[in-house]
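# A look at the structure
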Amino acid sequence: MKIATFNINGIKARAQALLDWLDEAAPDVALLQEIKSVDEAFPREVFEDRGYNVETHGQKGFNGVAILSKLPLEDVTRGLPGDDGDDQARWIEATVTGSRALRVCGLYLPNGNPAPGPKYDYKLAWMERLHARAEALLAEEMPALMAGDYNVIPQPEDAAHPEKWADDALFRPETRAAWRRIVNLGFTEAFRARVQGPGHYSFWDYQAGAWRRNDGIRIDHFLLTPQAADLMTGCGIDAEVRGREKPSDHVPVWVELDA
C-alpha cells in the first residue's frame, strides 16, 4: 500500500497539478492539506472518476484536509480531540483495509508565526493535543500513522540554511522539543529511518528563487506506530513536482507499507 501526504495549497488552483501527480504516482491513499475549500465545493467527482473514495474536512479560504483512498474508508473522524472550541479544519482520520487494517491520520499543524504570540501559543497547545492523540493511537496497538504538513523542521540538516530559521515558529526550540516528545513516545519518523543526511526537502518558498537555489526545508512527515513501522518497505519525496507548472510550494512525501 502506497500512502502519500501532499499540501496542495488550494484545490481550486492546484486541481490539475494534483490529478497529474495522482495519475503518475498512483498512491492508494493520499492525505491532502490546505485544500482551502468547504466540503461542498471540493471537486470530488474528478477523483472519484479515478477510483478514489473522498472524505474532506474543509474550511472556507484556508486550512482544510482530505483523504483520497482507492480502498474503502471506515470510521472517519474529523477534528483533533481535546478542544471543542477549535474550529480550524486541521485533522482527519480513517481506517483503510488492504491485507490488514491501517489507521491513517492526516494533519495540518499550525504554522505558529509570528512567534512568540497567540498564534505560537495555539501551535504549542495543538501539539499537546497531538501528543495525547498519539498516545491513544499507540495504546490501540494497531498499525497507524500520522502524516501531513507538521510545520516543524526537526533538525538543522532539514533546512538548507538553518540559521535563517532560528527565530521562526517552525524551528524554535519549543517546537522541536514538542516534536521530540511525540516521536519519543515510540513513533518512527519514516523518512529518516530510510534516508540520512542533509539536502532533502519538501517545501520551497515561492519567493527569492528558493526552488532554483534549492533553498528548502523538510516539514512534511510520516510518524509510524511500531506496528506500522514493521510494515514499511519504502519512503521518498517527489521533489521534482515542485518544478512543474503552477506547483504547490510543498511536494508529495510517501511511504510504502506491506499492508
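Use the structure listed above.
Residues numbered from 1 in each chain as written. Predicted model: local features only at pLDDT ≥ 70, side-chain atom pairs only at ≥ 80, totals over all residues. Heavy atoms only, no water.

### Re unusual backbone geometry
Residue P114 follows N113 across a cis peptide bond; omega there is 0°. The residue P114 is located in the loop between β7 (101-108) and α3 (118-140) in this model. The phi torsion at D75 lies on the positive side, around 50°, for a residue other than glycine. Summarising the element assignment, D75 is placed in strand β5 (residues 73-78). (Helix = DSSP H or I, 4+ residues; strand = E, 2+ residues; numbered from the N terminus.)

### A few points about the pairing of β7
Across the eight residues of β7, seven count as buried, placing the element largely inside the fold. Bridging between strand β6 (residues 91-97) and β7 involves seven bridges; their strand directions are antiparallel. Across the sheet, residue A94 finds its bridge partner in β7, namely V104. Here β6 folds back onto β7, and the loop between the two strands holds three residues. Bridge analysis of β7 against strand β8 (residues 144-149) gives six bridges, and the strand direction is parallel. Paired with L107 across the two strands is G148, which belongs to β8. The β-α-β motif built from β7, the intervening α3 and the parallel element β8 has right-handed crossover chirality. (Buried < 20%, exposed > 50% of the residue type's maximum accessible area, 1.4 Å probe, protein only. Pairing = 2+ DSSP bridges. Right-handed = clockwise from strand over helix to strand, strands pointing away.)

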